[in-house]
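The chain contents come next:
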Amino acid sequence: MATNGKIIGVNGNLIRVAFTDAVVQNEVAYAKLASGVKLKSEVIRIRGDYAELQVFEDTTGLKTGDDVEFTGELLSVELGPGLLTQIFDGLQNPLPRLATECGFFLQRGKYLHALPRRKKWTFTPVAKVGDKLTAGETLGTVPEGIFKHRIMVPFKIQGTVTVESILAEGDYVIEDVIATLKDGEGKIIDAKMSQFWPIKIPIKQYAERLRPDEPMVTQQRIIDTFFPVARGGTYCIPGPFGAGKTVLQQLTSRYADVDIVIFAACGERAGEVVETLREFPDLLDPRTGKSLMERTLIICNTSSMPVAAREASVYTGVTLAEYYRQMGLNVLLLADSTSRWAQALREMSGRLEEIPGEEAFPAYLESVIASFYERGGVVRLKDGTKGSVTIGGTVSPAGGNFEEPVTQATLKVVGAFHGLSRERSDQRRFPAIHPLDSWSKYEGIIDVAKVSAARHILAEGGDVNQMMKVVGEEGTSMEDFVLYLKSEYLDAVYLQQDAYNDIDSACSAERQKYLFGKVFQILKTPMTFKEKDVARSFFLKLTQITKDWNRVEFQSQEFKNLEVQIFKSVAEAEIHV
Amino acid sequence: MYKVYHRIERIAGSVITVKAEGVAYQELAQVTSGQGISLARVNRIDGDMVDLQVFAGSRGISTESQVRFFGKPMDTPFGDSLLGRVFTGAGVPRDNGPVIEENSVPIGGPSVNPSKRIVPTRMVRTGIPMIDVFNTLVVSQKLPIFSVAGEPYNQLLARIALQAEVDVIVLGGMGLKFDDYLYLKDFLEKNGALSRSVMFVHTASDPIVECMLVPDVALAVAEQFATKGKNVLVLLTDMTNFADAMKEIAITMEQIPSNRGYPGDLYSQLAARYEKAVDFEGSGSITILAVTTMPGDDVTHPVPDNTGYITEGQFYLRKGRIEPFGSLSRLKQQVNGKTRSDHRTIANTMIQLYASFRETLEKQSMGFRMSGWDQKVLKYGERFEKEMMDLSVNIPLERALDLGWTILADCFNPEETGIPSKLINEYWPKKG
Ligand SMILES: Nc1ncnc2c1ncn2[C@@H]1O[C@H](COP(=O)(O)OP(=O)(O)OP(=O)(O)O)[C@@H](O)[C@H]1O
Ligand SMILES: [Mg+2]
């Protein structure tokens, strides 16, 4: 039931609209320019006889008196086969197709279908006539790249429906009715291969939510060993500019042990998305032997694109992630950067003249962040299979100071904290995750006691280093000095990982277990040296060979040779009692 | 056909309010008062009350002043006739040349579709070893120069502009000291580069709103040249003044500030400008170098901080030199693997050794004993500072790399540098 209104005020991307009939909070409306171009907007506040709308486009040219069409529909995305490998903007416009139509520049008011209309999909029915099903249960499947894409009973349906008819195996387009369903009141509902779902409402058509207890291996040693992330868990990466948030997410999007990666570039640089876009099609996913692009979906609302759509972009991302979770898949959603989305909220809150909280962020910032991360999780589906959505968000704190509202609100809700440190990135110790400040509540792949012993060495070695700055090497005992060198060794060969080396950039769980065992053994070996210089050059050399060891194929002949070499030199330094 | 209004309801800062009908958001208008004529732009509409930002400020505007709406948003003329010319932020000639009115193009236009972007691959040669060798500048990069007042950043900009092989230079000056403006203009003129330059200059004594317009106008013109196949270098100095102008206007508009008085959309505003940097496939490009002065030399100040989150690295200009630490070109790895086989190694090795030099200096200052190695490192550091870091050094990349090998060989044995033997065999200078 669409109604119409008229603009009575314009302030940046906020417009005030007088209306007469009913208006729904968060419904989509279109503001009409004199040229006839319609700008997509969302109702964000209703006050008496006028509503306030955020416009997802530049509002230049809108006037008092211009028409606004309300649609009655909440801001939604289209779900169906053909989402993967695509690049959407925050409102699910396919950017490459937009480019074919409009050229180099984005054009406001241009909205295209997210899914190709004419593409045929080979549908194989699973349900039979007479089956009684509920929302989210499988009607049939179509192959989408490497996945079996489930066509499900539309999520909006309430209660049980009976399958009245279902198409036989064959090729169909997404708008074909593939099944008719009868609900409890005898009403007939058409089910198609695609359906729409409002992005701010979680998709919950599963049996139950489970505790995230399986590690999601990222192949980054410092994460998997020290600050693991679980499938269905949530984590955040705060860090000052240039500390390596984006590079870390790019590495994760490449190597994480999940079925699907959704990358939401939210208010960051367009150039970074382009790297992924151009590289992924040529990179092979070792798990499937297919191009990495086949498991990837990019939502791209970069910093110069309309600010209001930033918020939409993270919700679009998480909704698509939940959709694939419904198919029993493990999905990873990476959002870079959640701070830009928080800033978009702040801008809008300012225009609405709400009472500002800390640093002018709105008072509801915390609850918005919390409910976003709450959409992650492992679930058991109605057919018993499991699926998960893992969420990793970067945070860009002002001045690199973690004591700010977005970081603090995020830390309250996530399960792991990978804090990047300016000091470490300046020293080019990448990934620059701080090994002492960071934490994780999830179980990793390595024995907790050993990991905590290793962290202990890092802490003590760091203390010795601090002391040494005051008293000099001369004033440091050999025992302390060796402890310091050991902590530096652990840092150099285990925590640091060379993102630009083909082999070192990804370290499998198996290799981590092996390497950690060996390094731990070296750390526990009592050693002494005649002089500090001897100790230093011993560790320098040991570090060098161990780094070389990291750069050769696991368990190759070269790997074995280097291992022998490492332990031979360790044996020479060992104290024999 | 233009609508004219005579009654101004409110005047505050550079913002005036008129009661008017049928006026569009961002529409351009002209305000005529006893002080003369100024352009103005609509920045808020509330029913029939229209707020306008007056480019020349509100001084001298009376409640009876005349406001005439143009029925279109702000634009800028474009064409080759812009080359060699100097304008204000509002597009008025500053050089006694003729007014240009051809080919109006809108300013602050839409952003480039990310899927049309390409991975940048072309190096910009500057002749400055601290850039070419250690933090290579790349075509389509956006990079700020972080500095404090008093550093020779405009000289650095001018030099890069001259040496970079670009087709067009667009210079945007914001809050420039008049002397600096003349310096930049004379420098380009003396070196024969003015004829491929366009300057949009706001000086410290000009109206504040015009300061805010400079980046948009400069980038709109740059974008036009770039879509016509030209490689354009945009120089912006000083973006902190631009941000301060926004701050001032936001405060007069009674917006709630977020951080040290700056408006909450500072990041988005800066990003909208910087993201204009682009390499159009099959056409031209825009590279942006922008001075950002850091109040109190504090990089966590909102302007440098937000800038760092937007740009692709940064150069720190300190004590007349580009600092090797902290300075970073995030795009360098796109190009420095293809210049010469020793480029990356020389860059990494020399920086590591220079880091040891700094550590050694610290140890020395604390009175710790200097070993033989320390002595070598000290000698190296001094030469590095004098022959590589000094901004007066002006040599092409290849000669800078050769010089790197010479300095290394004069100070160290090959194995002390940790350079792979393959490169040592190829490049290490043979003692004659
Ligand atoms: N793992 C890594 N290995 C090697 N270099 C790295 C690594 N991570 C980051 N870097 C270096 O640091 C630079 C900045 O990294 P990145 O773009 O990820 O920072 P960021 O934290 O996302 O910054 P911003 O907040 O400005 O987006 C990279 O261009 C690269 O030179
Ligand atoms: Mg980043």
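Check the entry above for the structure.
Thresholds, definitions, all that
Residues numbered from 1 in each chain as written. Chains lettered and ligands numbered in written order. Predicted model: local features only at pLDDT ≥ 70, side-chain atom pairs only at ≥ 80, totals over all residues. Heavy atoms only, no water. Axes fitted to C-alpha atoms, helices over the stretch in contact; angles between N-to-C directions. Helix = DSSP H or I, 4+ residues; strand = E, 2+ residues; numbered from the N terminus. Parallel < 35°, antiparallel > 145°, perpendicular 65-115°, else oblique. Left-handed = near helix turned anticlockwise from the far one by under 90°. Contact = heavy atoms within 4.5 Å. Nonpolar A, V, L, I, M, F, W, Y, C, P; charged D, E, K, R; others polar. Near = heavy atom within 4 Å. Polar contact = N/O pair within 3.5 Å; in protein donor to acceptor, adjacent residues only side chain to side chain. Areas by Shrake-Rupley, 256 points an atom, 1.4 Å probe, with all protein chains shown as cover. Pairing = 2+ DSSP bridges. Buried < 20%, exposed > 50% of the residue type's maximum accessible area, 1.4 Å probe, protein only. Buried area = accessible area lost by both parts, 1.4 Å probe. Salt bridge = Lys/Arg side-chain N within 4 Å of Asp/Glu carboxyl O.

It is worth spelling out the packing of helix α11 (residues 478-495) of chain A against helix α12 (residues 509-524) of chain A at this point. Residue and element names in this part refer to chain A. In the contact formed by α11 and α12, the axes pass within 11 Å of each other and the chain directions differ by 165°. Comparing the axis directions of α11 and α12 gives the class roughly antiparallel. Here α11 and α12 pass one another in a crossing that is right-handed. Here α11 contributes K486, Y489, L490, V493 and Y494 to the contact with α12, which in turn contributes Q512, L515, F516, V519, I522 and L523. Here the contact of α11 with α12 is composed, by residue class, of nine nonpolar, one polar and one charged.

Quick look at the site of ligand 1 now. Around ligand 1 sit 19 residues in total, of which G242, K245, T246, V247 and R269 of chain A are the nearest. Of the chains in the model, those with residues near ligand 1 are chains A and B. A distance of 3.3 Å is found between an oxygen atom of ligand 1 and a backbone nitrogen or oxygen belonging to A243 of chain A. A distance of 2.7 Å separates an oxygen atom of ligand 1 from a polar side-chain atom of R269 of chain A. Its free accessible area being 630 Å², ligand 1 has 94% of it covered by the protein chains. It is helix α3 (residues 245-255) of chain A that contributes the most residues to the shell around ligand 1, three residues altogether.

The subject of this paragraph is the sheet that holds strand β13 (residues 161-166) of chain A. All names here are of chain A. If you trace the four strands from one edge of the open sheet to the other, you get β10-β13-β15-β16, paired in antiparallel fashion. Because the sheet does not close on itself, it has two edges, and the strands there are β10 (132-133) and β16 (188-192). Across two bridges, the pairing between β10 and β13 is antiparallel. Bridge pairing in β13 places K132 opposite T162.

All right, on to unusual backbone geometry then. Working note: non-glycine residues mostly have negative phi, and peptide bonds are mostly trans. A cis amide bond, omega 5°, links D336 of chain A with the succeeding residue S337 of chain A. Mapped onto the elements of the fold, S337 of chain A is located in the loop between β22 (330-336) and α6 (338-351). Going from T237 of chain B to D238 of chain B, the amide bond is cis rather than trans, its omega being 10°. The phi dihedral of T85 of chain A is positive, around 70°, even though this residue is not glycine. Relative accessible area serves as the criterion here: at 38%, T85 of chain A is assigned to the partly exposed category. Residue Q26 of chain B is not a glycine yet carries a positive backbone phi of 75°. By the secondary structure assignment, Q26 of chain B is in the loop between β3 (15-19) and β4 (27-33).

For the rest of this paragraph, the subject is the interface of chain A and chain B. Opposite the 61 residues of chain A that make contact, chain B presents 55 residues. For the chain A face of the interface with chain B, the top three residues by lost area are F104, F241 and R269 of chain A, together amounting to 18%. Applying the counting rule to chain A against chain B returns one salt bridge. With a closest N to O distance of 2.4 Å, R16 of chain A and D46 of chain B form a salt bridge. Summed over the shared surface of chain A and chain B, the result is 27 residue pairs in polar contact (both at pLDDT 80 or more). Elements supplying a minimum of two residues to the side of chain A that touches chain B: β1 (4-11), α1 (95-102), α4 (270-279), α6 and α10 (448-471) of chain A.

A few words on the sheet that holds strand β14 (residues 170-172) of chain A. Residue and element names in this part refer to chain A. One open sheet accounts for four strands, arranged β12-β11-β9-β14; its pairing is antiparallel. Since the sheet does not close on itself, it has two edges, and those belong to β12 (147-152) and β14, each with one partner. For this sheet, the mean inter-axis angle between neighbouring strands, taken without regard to orientation, is 40°. Where strand β9 (residues 121-125) lies against β14, three bridges are found, and the strand directions are antiparallel. From the neighbouring strand, F123 faces β14, where its bridge partner is G170.

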